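Chain by chain, the residues:
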Amino acid sequence: MALSQKSWTLLLVVVAAVCIQLYQAHDFPGRCSCHNTIKFIKGNISDFQVLERRPGCDKTELIITMSRPDNSTEKFCMNTEGKLAMAFLKCWQRINKDKSRKMECIERKRKSA
């Protein structure tokens, strides 16, 4: 069974539309997120995110979210060779990368400070 010219045209239009949607949804995960890092941070840490090594970025990255007195937040990239970052990464491994247990690492940092 052969497809008619109209069917081929419709098929190509649908495939092109799907490709455009997939391209626009792509967030380019291969790039590193942290270009500038800091070694130490003082303040109220409210969250953190660990970005494991991935294609296009050959390093583990640690992004710390700080809460400000005016209830705003600010994100900082930590140098993963610093003591604070190493403590967070060690805790992250200890809790088996369970995002629901991240507060254990934050609380542990608060108690040690």
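Attention here is on the structure that accompanies the text. Source: prediction; values computed, not measured.

**Thoughts on the state of the cysteines**
Two cysteines, two sulfur atoms, one covalent bond between them: this is a disulfide. Considering all chains together, one arrives at 3 disulfides under this definition. Two residues share a disulfide in this structure: Cys 34 and Cys 77, whose sulfurs sit 2.2 Å from each other. Given an S-S torsion of about -75°, the disulfide between Cys 34 and Cys 77 has left-handed geometry. With a gap of 43 residues between them, Cys 34 in the loop between α1 (5-25) and β1 (44-51) and Cys 77 in strand β3 (residues 73-78) connect regions that are remote in the sequence. Cys 77 carries the same exposure label as Cys 34, and that label is buried. Note on cysteine connectivity: Cys 91 is disulfide-linked to Cys 105, with sulfurs 2.0 Å apart. Here the disulfide of Cys 91 and Cys 105 is left-handed, its torsion about the S-S bond being about -90°. Linking Cys 91 in helix α2 (residues 83-94) with Cys 105 in helix α3 (residues 102-112), this pair joins segments that are 14 residues apart in sequence. Accessibility classification places Cys 91 together with Cys 105 in one group, the buried group. Look at the protein and number its bonded cysteines as they come in the sequence; the links are 1-3, 2-4, 5-6.

**Regarding the sheet that holds strand β2 (residues 61-67)**
One open sheet holds the 3 strands; their spatial order is β1-β2-β3, and the pairing between them is antiparallel. With partners counted over all chains shown, the strands left at the sheet margins are β1 and β3, one partner each. For this sheet, the mean angle separating the axes of adjacent strands, direction not counted, is 25°. Relative to β3, β2 is paired through 6 bridges, and the arrangement is antiparallel.

**Section: unusual backbone geometry**
What is expected of a backbone is that most residues other than glycine have negative phi and most peptide bonds are trans. Positive phi outside glycine occurs at Asn 71, with the angle close to 70°. Position of Asn 71 relative to the elements: it lies in the loop between β2 and β3.

**Regarding the packing of aromatic side chains**
This structure, assessed with the given rule, holds 2 aromatic pairs. Here the aromatic rings of Phe 48 and Phe 88 are separated by 5.0 Å at their centres, their planes lie at 55°, and the arrangement is tilted. Pair noted here: Phe 48 is in strand β1 and Phe 88 is in helix α2, with a separation of 40 residues, a long-range link. On the basis of relative accessible area, Phe 88 is assigned to the buried category, the value being 2%. Three or more aromatic residues joined by ring pairs make a cluster, and in this case those are Phe 48, Phe 88 and Trp 92.

Reading the values: the criteria
- Residue indices follow the written sequence of each chain, beginning from 1 at its first position.
- Totals for whole chains, interfaces and linings use every residue, but because this is a predicted model, local features are given only for residues with pLDDT of at least 70 and side-chain atom pairs only at 80 or more, for both listing and counting.
- Water and hydrogen atoms play no part in the side-chain values, which are based on all heavy atoms of the structure.
- The criterion for a disulfide is a pair of cysteine sulfur atoms lying within 2.5 Å.
- Secondary structure elements follow DSSP: runs of H or I of four or more residues count as helices, runs of E of two or more count as strands, with numbering from the N terminus.
- Three exposure classes are used, based on accessible area relative to the maximum for each residue type with a 1.4 Å probe and protein chains only: buried under 20%, partly exposed in between, and exposed over 50%.
- Paired strands are those between which DSSP finds at least two bridges.
- Lines are fitted to the C-alpha atoms to define the axes, a helix being fitted only along its stretch in contact, and any angle between axes, read from their N-to-C directions, falls within 0 to 180 degrees.
- A pair of Phe, Tyr and Trp rings is counted when the ring centres sit within 6.5 Å of each other, with Trp represented by its six-membered ring. The angle between the planes then sorts it: under 30 degrees is stacked, over 60 is edge-to-face, the rest tilted.

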